[in-house]
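# Close look at the chain arrangement
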Amino acid sequence: MKAVCWEGVNEVAVEQVPDPQLLNAQDAIVKVRRTVTCGSDLHLLGGYIPFMKRGDVLGHEFLGEIVEVGSEVRKHKVGDRVVVCSFISCGRCWYCEQGLFSCCDNGNTNPAITETLWGFAPGGCYGYSHALGGFAGSHAEYIRVPFADQGAFTVPDGVSDERALFASDSAPTGWMGADMAGIRPDDVVAVWGCGAVGQMAARAAMLLGAGRVIVIDRYDYRLQMAERVLGVETLNYERTDVGAELLERSGGRGPDVCIEAVGMEAHSPGPQFIYDQIKQQLRIESDRPIAVRDAIYNCRKGGSVFILGVFGGLVDKFPLGAVMNKGLTLRSAQQHGQRYIPMLLERMARDELITEHLATHVMPLSEAPRGYQMFQKKEDECVRAVFTP
Ligand SMILES: NC(=O)c1ccc[n+]([C@@H]2O[C@H](COP(=O)([O-])OP(=O)(O)OC[C@H]3O[C@@H](n4cnc5c(N)ncnc54)[C@H](O)[C@@H]3O)[C@@H](O)[C@H]2O)c1
Ligand SMILES: [Zn+2]
Ligand SMILES: [Zn+2]
């Protein structure tokens, strides 16, 4: 079958790879109908997660049709149209029982790397390096889905492929950030990053009752999209004093909840960008935590900061003093999608959650290298490139 493979830093290619096979009784094989790029894939592309091998199949967000099931799959049958959570979890371990699905003890079949790096291994993720299990990704014609009863969700008839696709990752990620940050009615919520993840966090914040939601980025086309489709307020950090504006818009107190949806490749117009970039390139700092610093600095006293952006290792100039002295609650997670996806699909069916606007570019799988380039360089107002195998 055809698949999009990682071929080195900033190199992807469409190649012929072996078809996936059922390996375990709880597996299903899914024929991929739609799969989409994610900001997380850019971190792989840029070489910031050094556990990829040439020829690894990329992609972790997808929707398709079940074409084969293992003998222990109960919930699904051949022909089901399913959206699959990007994180792989067993549904039975202690972590899954707590609803902390991305921390699953059985999802990552190669836990040694992350145990060494982080103390314990999180669950697995499709197409996301050998540190997260080395699973083949979804930018392919077919994919093996382990623990299919846990990770695959039947899409209600009334929800289109275009919309349901985003229930795989961006929508549950954004929802998790807003939910676990503890948004209360009338809160002022600031979101750094206006990609699909930031937009979905902003929409979740609105649906959870926030009084004002303000999204911060530098790309006007993304900010205008969020204003138009989601009805949120926006700030362009290249043209505005973000701190002063956030104070003004929160009655002088600062936002109650700050959500970071940018990650390890953050940009900044200020000198900290050069500082962090040099350290990252020299590998003496693994991530650029610019938006994390901003979120912590601007958050009101006693407020809550949620880090949705992906980080891999160690950062420099982390404002621990602000966290401590302002009494902030700081949380983060890879998405616990299994906890939210059924509810999100219902909201999609009721038109409460619109996502299809994020798919700015839809193309055949064979054009994936072009799609990746557009997405990485933010060309042609790209928010997400969707591939149709
Ligand atoms: N926690 C999870 O489970 C999970 C799931 C999916 C994605 N992610 C992560 O979320 C992050 C965002 O993903 P995405 O797909 O929306 O990415 P994206 O690249 O499409 O969007 C990121 C946005 O952040 C903006 N940005 C950069 N620096 C900024 C700054 N200093 N302040 C404000 N905005 C800034 C960029 O201009 C861009 O629009 C990535 O790190 C991704 O890996 C996490
Ligand atoms: Zn993703
Ligand atoms: Zn588990």
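Figured I'd write up the structure that's included with this text. This is a predicted model, so every value here is computed, not measured.

Calculation rules
- Residues numbered from 1 in each chain as written.
- Chains lettered and ligands numbered in written order.
- Predicted model: local features only at pLDDT ≥ 70, side-chain atom pairs only at ≥ 80, totals over all residues.
- Heavy atoms only, no water.
- Pairing = 2+ DSSP bridges.
- Helix = DSSP H or I, 4+ residues; strand = E, 2+ residues; numbered from the N terminus.
- Contact = heavy atoms within 4.5 Å.
- Axes fitted to C-alpha atoms, helices over the stretch in contact; angles between N-to-C directions.
- Donors = N, O, S within 2.8 Å, 3.2 Å for Na, K, Ca; no water.
- Tetrahedral: all angles 85-135°; square planar, octahedral: opposite > 155°, others 65-115°.
- Buried < 20%, exposed > 50% of the residue type's maximum accessible area, 1.4 Å probe, protein only.
- Near = heavy atom within 4 Å.
- Polar contact = N/O pair within 3.5 Å; in protein donor to acceptor, adjacent residues only side chain to side chain.
- Areas by Shrake-Rupley, 256 points an atom, 1.4 Å probe, with all protein chains shown as cover.
- Nonpolar A, V, L, I, M, F, W, Y, C, P; charged D, E, K, R; others polar.
- Salt bridge = Lys/Arg side-chain N within 4 Å of Asp/Glu carboxyl O.
- Core = buried A, V, L, I, M, F, W, Y, C linked by side-chain atoms within 4.5 Å.

Below, the discussion takes up the sheet that holds strand E2 (residues 12-16). With antiparallel pairing, three strands are arranged side by side in an open sheet as E2-E1-E4. The open sheet has two edge strands, E2 and strand E4 (56-57), and neither has a second partner. Pairing geometry for strand E1 (residues 2-6) and E2, over five bridges, is antiparallel. The partner of Lys2 across the bridge, within E2, is Gln16. Relative to E2, helix H14 (residues 368-377) is tilted by about 160 degrees, and along the sheet it contacts E1 and E2.

Bound to the zinc ion (ligand 3) on the protein side are Cys90 (SG), Cys93 (SG), Cys96 (SG) and Cys104 (SG), at distances that span 2.3 to 2.4 Å. For the zinc ion (ligand 3), the four donor atoms are set out with angles of 102 to 118 degrees between them, so the coordination reads as tetrahedral. The sequence motif formed by the donor residues of the zinc ion (ligand 3) is C-x2-C-x2-C-x7-C. The buried category is assigned to Cys90, whose relative accessible area is 3%.

Around ligand 1, a shell composed of 32 residues is seen, among which Gly39, Ser40, Asp217, His267 and Gln335 lie nearest. In the environment of ligand 1, a nitrogen atom lies 2.7 Å from a nitrogen or oxygen atom belonging to the backbone of His267. Contact with the protein chains hides 96% of the accessible area of ligand 1, taken as 880 Å² for the molecule alone. Listed by contribution, the elements that provide at least two residues to the shell around ligand 1 are helix H1 (39-45), helix H7 (196-207) and strand E12 (212-217). It is H1 that provides the largest number of residues to the shell around ligand 1, a total of four residues. When its residues are assigned to classes, the shell around ligand 1 shows 16 nonpolar, 11 polar and five charged.

An order of E13-E12-E11-E14-E15-E16 is seen for the six strands of this open sheet, with the pairing classed as parallel. Every interior strand has two partners, whereas the edge strands, strand E13 (233-236) and strand E16 (329-332), have only one. Between one strand and the next, the sheet's axes are offset by a mean angle of 20 degrees, whatever the strand orientation. Here strand E11 (residues 188-192) pairs with E12 via five bridges, running parallel. The residue bridging Ala190 from the neighbouring strand is Ile214, located in E12. The sheet contacts of helix H6 (residues 170-180) involve strand E14 (257-260), strand E15 (304-307) and E16, and relative to E15 the element is tilted by about 160 degrees. Packing of helix H11 (residues 290-298) onto the sheet brings it into contact with E11, E14 and E15, and relative to E11 it is tilted by some 165 degrees.

On to the pattern of salt bridges. Inspection of the entire model under this criterion finds 21 salt bridges. Between Arg239 and Asp220 there is a salt bridge; the shortest N-O distance is 2.9 Å. On the criterion of sequence distance, the pair formed by Arg239 in the loop between E13 and helix H9 (242-248) and Asp220 in helix H8 (residues 220-230) is long-range, its members being 19 residues apart. On the basis of relative accessible area, Arg239 is assigned to the exposed category, the value being 61%. The class of Asp220 is partly exposed, set by a relative accessible area of 28%. Within the structure, one salt-bridge network assembled from shared partners comprises Arg33, Glu65, Arg81 and Asp161.

Another point: the nonpolar core. Leu58, Val83, Val189, Val191, Val213, Ile259 and Leu345 are the most contacted members of the largest nonpolar core, which totals 78 residues. Top element by residues in this core is H7. It accounts for seven residues. In this structure Val189 touches Ile183, Ala205, Ala210, Arg212, Val213, Ile214, Val257 and Ile259, once residues within four positions along its chain are discounted. In terms of nonpolar packing, the next biggest core, distinct from the first, is built from 21 residues, Phe101, Cys104, Val145 and Ala148 among them.

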